[in-house]
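Architecture and fold: a report
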Amino acid sequence: MFISSKKSISLIFFLVTVCHINADNKAKPNIVAKRDTANIYKEMFNDSSDDLMENHPADDIYNNIWTCDRLNPYKIPVDSLPDTVRIDVKNFHLPVPGIITSDFGPRKYRYHYGTDLRLAVGDSVHVAFDGKVRIIDYEARGYGHYIVVRHNNGLETVYAHLSKVLVYLNQDVKGGDVIALGGNTGRSTGPHLHFETRYLGNAVNPANIINFNVGRVHNDMYEMTKRKSFYYQREVQALKAAKYYRVRKGDTLSQIAMRNGTSVKNLCRLNNIKSNKKLQLDQKIRIW
Ligand SMILES: [Zn+2]
């Protein structure tokens, strides 16, 4: 059948209008239904999060826990982790090109759960992998301004002592994106980035995964094992159990050793000092 061009334009216009109305009718109830369901879940579980129905990176590993108020809300002891976990780290981007100024490991009275990288205040800080921003917070006596990102590969990374945060909570980020500017905020004695890698809340030495000298990962797949990745837990326990003695006037190392049932050799090892070290008044000496 022949249809005049005027008629065919009218027909197309009619069809487009009908399709548009149908699309509108289809789309609207879906959005409303999703919101209603989310609200019902929120009421049922008394959940205050805004996006209960939304997927977050590595939800299966993190048992759908997504909260912006604690670094480690998971409380999974290392003993409960699988013996071996393989993590795809090939899409890695170096957060800052700086050299390491302090390694992961025991500090004098506490444990240092990250790698410190030198930078200048205002330098760009890049996110290590694809993921989503889970925490943006400030700790005056700790991290200063900091960001925690959950990655699709199951790791979480921490960026601390920042001068400026350039992302917002729950923002999706691509590996290499600039998420902040470096700084010297919080407990920090000079501009640097404190960078952590964590799995289910448990810190893993970033240098196990990344060769910071060349700015690349050691291997595309990081094999995380209890024995190799969490060896440091014993050191953490020893630090927690450590006892200290405050030096009084006239004290000598041998007196302190004798009074506390230990040896000068032990005191030197625990405090990383020489036996002829001159003691300062009020100095804290670790005795075991
Ligand atoms: Zn640090």
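Because the structure is predicted, anything quoted here is derived from the model rather than measured.

Conventions adopted
- Residues numbered from 1 in each chain as written.
- Predicted model: local features only at pLDDT ≥ 70, side-chain atom pairs only at ≥ 80, totals over all residues.
- Heavy atoms only, no water.
- Pairing = 2+ DSSP bridges.
- Helix = DSSP H or I, 4+ residues; strand = E, 2+ residues; numbered from the N terminus.
- Donors = N, O, S within 2.8 Å, 3.2 Å for Na, K, Ca; no water.
- Buried < 20%, exposed > 50% of the residue type's maximum accessible area, 1.4 Å probe, protein only.
- Polar contact = N/O pair within 3.5 Å; in protein donor to acceptor, adjacent residues only side chain to side chain.
- Contact = heavy atoms within 4.5 Å.
- Core = buried A, V, L, I, M, F, W, Y, C linked by side-chain atoms within 4.5 Å.
- Phe/Tyr/Trp six-rings, centres within 6.5 Å; stacked < 30°, edge-to-face > 60°.

A short note on the sheet that holds strand β6 (residues 124-126)
Pairing within the open sheet is antiparallel, and its three strands lie in the order β6-β12-β10. Either end of the sheet is taken by a strand with one partner, and the two such strands are β6 and β10 (164-165). Both β6 and strand β12 (residues 178-181) contribute to a ladder of three bridges, which runs antiparallel. What sits directly across from Ser124, in β12, is Leu181.

Focus on the coordination of the zinc ion
Protein coordination at the zinc ion: the donors are His112 (NE2), Asp116 (OD) and His194 (ND1), at 2.0 to 2.1 Å from the metal. Going along the chain, you hit the donors of the zinc ion in the pattern H-x3-D-x77-H. Taken together, the residues Asp116 in strand β5 (residues 115-118) and His194 in strand β13 (residues 192-199) connect sequence positions 78 residues apart. Judged on exposure class, the residue Asp116 and its partner His194 are both buried.

A few points about the pairing of strand β9 (residues 155-162)
Of all the eight residues making up β9, eight are buried; the element is thus mostly covered by neighbouring parts of the structure. For strand β8 (residues 144-151) and β9, the ladder comprises five bridges, and the chain directions are antiparallel. Following the sheet pairing, Val149 is matched in β9 by Thr157. Between β8 and β9, which follow one another and run antiparallel, lie three residues, and Gly154 among them has a positive phi close to 100°. Pairing of β9 with β13, which is carried by six bridges, proceeds in the antiparallel orientation. Paired with Glu156 across the bridge in β13 is Arg198.

Brief notes about unusual backbone geometry
Positive phi, close to 50°, is recorded for Leu200, a residue that is not glycine. Its identity is not glycine, yet Asn272 carries a phi of approximately 55°, on the positive side. Take Asn272: it is sitting in the loop between α6 (264-271) and β19 (284-286). Accessibility expressed as a relative area gives 72% for Asn272, which makes it exposed.

Observations regarding the side chain of Asp251
One can find Asp251 in the loop between β18 (244-246) and α5 (253-259). A distance of 2.7 Å separates a polar atom in the side chain of Asp251 from the backbone nitrogen of Arg248. Engagement of the side chain of Asp251 in a polar contact is seen with the side chain of Arg259, the distance being 3.2 Å. With sequence-adjacent residues up to four places away left out, Asp251 is seen in contact with Tyr245, Arg246, Ile256, Arg259 and Leu279.

Details of the pairing of β12
With two bridges joining them, β10 and β12 adopt antiparallel strand pairing. Residue pairing for β12: Val165 is matched across the bridge by Ala180.

A closer look at the nonpolar core
Looking at soluble globular proteins, one finds that nonpolar side chains tend to be buried together. Residues Val125, Ile147, Tyr159, Ile179 and Leu193 are the most contacted members of the largest nonpolar core, which totals 44 residues. Put simply, the parts of the chain that give this core at least two residues each are β1 (84-88), β8, β9, β12, β13, β14 (202-204), β17 (221-225) and α4 (233-241). Once you skip the residues sitting within four places of it in the chain, Val125 turns out to touch Pro95, Val96, Leu119, Tyr159, Leu162, Asp177, Val178, Ile179, Ala180, Leu181, Gly182 and Leu193.

Description of the environment of His161
Locating His161 in the fold gives a position in strand β9. By relative accessible area, which is 5% here, His161 ends up buried. Counting along the chain gives 33 residues from His161 to His194, while the straight-line C-alpha distance between them is 6.7 Å.

Quick notes on the packing of aromatic side chains
Working definition: an aromatic ring pair is given by the centre-to-centre distance plus the angle between the planes. Counted according to the given criterion, the structure contains 13 aromatic pairs. Each member of the aromatic cluster is reached from another via a ring pair, and the members are Phe104, Tyr111, Tyr113, Phe230, Tyr231 and Tyr232.

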